[in-house]
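For reference, the chains in residue letters:
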Amino acid sequence: MNGEQHIQTITQSTDEPQPQVPKPPQGRDWLKWLGPSFLWMLSAAGSGELLFTPRIAALYGYTLLWALLAAVVLKWFINREVGRFTVCTGVTILEGFKRLPGPKNWAIWLILVPQFVVAIATVAGMAGAAASALILMTGGTAQLWTVIIIVVTAAIVFLGQYDGVEKASSYIGIGRTIAVVAAAVFVSPNLKQLSGGLVPQIPQDVQYQEILPWLGFMLAGAAGIMWYSYWIGARGYGAATNKREEPIDFKQLDRDQRQRLQGWLSLMTFSNTLAVVGALLAALSFLILGAELLRPQGLVPRENQIAETLGSLLGDLWGPFGFWFMVAIVFITFCSTTMSVQDGFGRMFADGTQILLQGFGVRGGRWTNEKFLRKFYIATLLAVLPIGGYLLFGKPVGLLQTAGAIEASHIPVVTGLTLYLNHQMLPKKLQPDPLSFWATTLAGLFFAGFAVTYLLQLTGLVGSGGV
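Residues numbered from 1 in each chain as written. Predicted model: local features only at pLDDT ≥ 70, side-chain atom pairs only at ≥ 80, totals over all residues. Heavy atoms only, no water.

1. Some words on the overall build of the chain
Here is step 1 of the chain: Check the secondary structure of the chain and you find 15 helices and 0 strands.
Here is step 2 of the chain: Taken against the 2.2 N^0.38 rule, which gives 23 Å for 467 residues, the C-alpha radius of gyration of the chain at 22 Å falls within 12% of a compact globule.
Here is step 3 of the chain: Principal axes of the C-alpha set define a box for the chain whose edges measure 70 × 50 × 45 Å.
Here is step 4 of the chain: Counting across all 467 residues of the chain, residues that qualify as buried make up 57%.
Here is step 5 of the chain: Of all intrachain contacts in the chain linking residues separated by at least 6 positions in sequence, the fraction that spans at least 24 positions is 84%.
Here is step 6 of the chain: Approximately 19000 Å² of the chain is accessible, and the part contributed by carbon and sulfur atoms is 63%. (Helix = DSSP H or I, 4+ residues; strand = E, 2+ residues; numbered from the N terminus. Rg over C-alpha atoms; globule rule 2.2 N^0.38 Å. Buried < 20%, exposed > 50% of the residue type's maximum accessible area, 1.4 Å probe, protein only. Contact = heavy atoms within 4.5 Å. Areas by Shrake-Rupley, 256 points an atom, 1.4 Å probe, with all protein chains shown as cover.)

2. Describing the nonpolar core
Here is step 1 of the chain: One finds Phe97, Ile211, Trp214 and Phe345 to be the most contacted residues of the largest nonpolar core, which totals 127 residues.
Here is step 2 of the chain: Among the elements that take part in this core, helix H12 (residues 306-359) stands out by supplying 20 residues, more than any other.
Here is step 3 of the chain: Once residues within four sequence positions are removed from consideration, Phe345 is found in contact with Gln115, Val118, Ala119, Ala223, Trp227 and Leu382. (Core = buried A, V, L, I, M, F, W, Y, C linked by side-chain atoms within 4.5 Å.)

3. Things to note about helix H14 (residues 396-425)
Here is step 1 of the chain: With 30 residues, H14 extends 41 Å from end C-alpha to end C-alpha; this agrees with the ideal 44 Å at 1.5 Å per step.
Here is step 2 of the chain: Along H14, the sharpest change in direction is near 30° and occurs at His410; proline Pro412 comes one to four residues later. (Expected span 1.5 Å × (residues − 1). Bend = angle between axes of the 7 residues up to and from the residue.)

4. Some points on the packing of helix H5 (residues 106-138) against H14
Here is step 1 of the chain: In contact at an axis separation of 8 Å, H5 and H14 are set at 150° when each is read in the N-to-C sense. When the axis of H5 is compared with that of H14, the two are roughly antiparallel. For the element pair H5 and H14, the recorded crossing hand is left-handed.
Here is step 2 of the chain: When its residues are assigned to classes, the contact of H5 with H14 shows 19 nonpolar, 5 polar and 1 charged. (Axes fitted to C-alpha atoms, helices over the stretch in contact; angles between N-to-C directions. Parallel < 35°, antiparallel > 145°, perpendicular 65-115°, else oblique. Left-handed = near helix turned anticlockwise from the far one by under 90°. Nonpolar A, V, L, I, M, F, W, Y, C, P; charged D, E, K, R; others polar.)

5. Concerning the packing of helix H11 (residues 255-294) against H12
Here is step 1 of the chain: The N-to-C vectors of H11 and H12 enclose an angle of 85°; their axes lie 8 Å apart at closest approach. Taken as axis vectors, H11 and H12 run roughly perpendicular relative to one another. Mapping the contact onto sequence places Phe286, Leu289, Gly290, Leu293 and Leu294 in H11 and Thr309, Ser312, Leu313, Asp316, Leu317 and Met326 in H12.
Here is step 2 of the chain: Tallied by class, residues from the contact of H11 with H12 come to 7 nonpolar, 3 polar and 1 charged.

6. Re the environment of Met126
Here is step 1 of the chain: In this fold, Met126 is placed in helix H5.
Here is step 2 of the chain: Look at Met126 and you get buried, because its relative accessible area is 1%.
Here is step 3 of the chain: Counting along the chain gives 273 residues from Met126 to Leu399, while the straight-line C-alpha distance between them is 8.8 Å.

7. Considerations on helix H6 (residues 142-158)
Here is step 1 of the chain: With 17 residues, H6 ought to run about 24 Å at 1.5 Å a step, and its terminal C-alpha atoms sit 24 Å apart, in line with that.
Here is step 2 of the chain: Taken from the residues just after H6, Gly160 is the one with a positive phi, measuring 75°.

8. Quick look at the environment of Trp264
Here is step 1 of the chain: Within the secondary structure, Trp264 is located in helix H11.
Here is step 2 of the chain: Residues Trp264 and Gly83, 181 residues apart in the sequence, show an inter-C-alpha distance of 10 Å.
Here is step 3 of the chain: When neighbours within four sequence positions are excluded, Trp264 is seen to be in contact with Val21, Pro22, Lys23, Pro24, Pro25, Trp33, Val87, Gly236, Tyr237 and Gly238.
Here is step 4 of the chain: Polar contacts involving the side chain of Trp264 include one to the main-chain carbonyl oxygen of Pro22, which spans 2.9 Å. (Polar contact = N/O pair within 3.5 Å; in protein donor to acceptor, adjacent residues only side chain to side chain.)

9. Some remarks on the packing of aromatic side chains
Here is step 1 of the chain: Evaluated as defined, the whole model comprises 20 aromatic pairs.
Here is step 2 of the chain: For the ring pair Trp367 and Phe376, a centre distance of 5.0 Å and an interplane angle of 80° mean the geometry is edge-to-face.
Here is step 3 of the chain: Classification of Phe376 as partly exposed rests on a relative accessible area of 30%.
Here is step 4 of the chain: An aromatic cluster of three or more residues is present, and its members are Trp227, Trp231, Phe345, Phe349, Trp367, Phe372, Phe376 and Tyr377.
Here is step 5 of the chain: Geometry around Phe158 places Lys375 over its ring, the cationic atom sitting 5.2 Å from the centre. (Phe/Tyr/Trp six-rings, centres within 6.5 Å; stacked < 30°, edge-to-face > 60°. Lys NZ or Arg CZ within 6 Å of the ring centre and 35° of its normal.)

10. Examining the side chain of Gln342
Here is step 1 of the chain: Mapped onto the elements of the fold, Gln342 is located in helix H12.
Here is step 2 of the chain: Residue Gln342 is classed as buried on the basis of its relative accessible area, which comes to 0%.

11. Looking at the side chain of Thr368
Here is step 1 of the chain: Here Thr368 shows up in the loop between H12 and helix H13 (370-393).
Here is step 2 of the chain: Not counting residues up to four positions away in its chain, the partners in contact with Thr368 are Gln354, Leu357, Val362, Arg363 and Leu373.

12. Overview of the pattern of salt bridges
Here is step 1 of the chain: One pass over the full model with this rule turns up 8 salt bridges.
Here is step 2 of the chain: The partner of Arg99 in a salt bridge is Glu95, and the shortest N-O contact between them spans 3.4 Å.
Here is step 3 of the chain: Classification of Arg99 by relative accessible area gives partly exposed; the value is 26%.
Here is step 4 of the chain: Of the charged contacts in the structure, one is a salt bridge between Asp256 and Arg260, with a shortest N-O distance of 3.2 Å. Of the two residues, Asp256 and Arg260 both sit in helix H11, 4 residues apart, roughly one turn of that helix.
Here is step 5 of the chain: When salt bridges with common partners are traced through the structure, they connect Glu95, Lys98, Arg99 and Glu246 into a single cluster. (Salt bridge = Lys/Arg side-chain N within 4 Å of Asp/Glu carboxyl O.)

13. Section: unusual backbone geometry
Here is step 1 of the chain: Positioned with a positive phi, Asn105 is a non-glycine residue whose angle comes to about 60°.
Here is step 2 of the chain: Take Asn105: it is sitting in the loop between helix H4 (93-97) and H5.

14. Digging into the confidence of the model for the chain
Here is step 1 of the chain: With 92% of its residues at a pLDDT of 70 or more, the chain has an overall mean of 87.
Here is step 2 of the chain: Looking at the elements of the chain, mean pLDDT is at its lowest for helix H1 (residues 35-43), recorded as 68, and at its highest for H6, recorded as 96.
Here is step 3 of the chain: Across residues 1-16, where pLDDT falls below 50, the model places 27 contacts with residues more than four positions away in sequence or in other chains. (pLDDT = per-residue confidence, 0-100.)

15. Observations concerning the environment of Gly398
Here is step 1 of the chain: Its location among the elements puts Gly398 in helix H14.
Here is step 2 of the chain: When its relative accessible area of 24% is taken as the criterion, Gly398 is described as partly exposed.
Here is step 3 of the chain: Put simply, Gly398 and Ala283 are 115 residues apart on the chain and 21 Å apart in space, counted from C-alpha to C-alpha.

Written out as structure tokens, the structure reads:
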């Protein structure tokens, strides 16, 4: 590694050499840097795409196609702003949130407390959904298989073996997308009804307890959007080449290094776009299959029949082979998503705990060690507590609906805080352009609108289908 590529430790002293930003990859080398975006895409595949999209289609047909498209496109803007912060500053989004004005670490508490519930409910729900596939394959009980899945997936992440699984999951995810896209074409969707779904409309009998979790988990929820900051940081995008405790000092960057950051932003945008396109193709395909195959039969993916109902998506087209192929997809997708959730939450809660303890003056010891904290949270918050949560409630769809509603409601918070950080901390040339800024603002308002309407319906102030 030459001196130009070497990453210097960032300090505020003017006697230190200028911090170095590595040259961004060029040409085909970009393909080697797509991992974080694919991991981000896969982290929500088990809920937003595979579970809730066929469920929404079975309930409402194509009438909410416009909301699906809006959610995916708007999350592209939100995710890019979170990625922009870490690429340019070199620190995680939570490290940025702790620098917001006001009482110490108020934003960290605002993020972590709701996500504590999301973490438990998501792992329990994902594992329960995967267990519904094993019951079909081998028999046994939902409780037994759910506990085994949580223990095994947590052990893989705990022992640091997730990277290899991540690569295999990426290939499986691509194969799953190809299969469902082919099936959606094969089923010959009703183009008139499909195009009618592009017109914004709300079904008369809509229940926002179904819509909000779907939109919240579609592509990625609030947590998944924040995890993107950790994954691109771990991969070494831009200024995030070394583990930094402080954001990079932009005053020490010359013109060439700022241009390099622009190159990294272009790579991050390209990677983000590929992930969104892949997720959109899968989501549209599941919507078509659900509307054309499940809705006419009155089939809706429910609790411990998730795998059996989703298996009919391909079983009705390709017979027994298609059914069992889809059941296998259900099992693999929910298990891989469970692991990505455990990995992402482990990183986020470890980082958040370090920040909070530093705020209380704790410096040193194992409770400020990132590796120890990650393993602690994987073993407790992401294994023991989800097992207890599932054994107590036993409803994977219900658990995921709870998590998804919180995620959707949390997205406007993450969006607003991130836009403020990028405006306050980044040089003008690295800030989002006006189009990106206002599109991201619109994204936050979009999810806030559905969240408020859900709360109004929950309290009885708005009836079904009312806006």
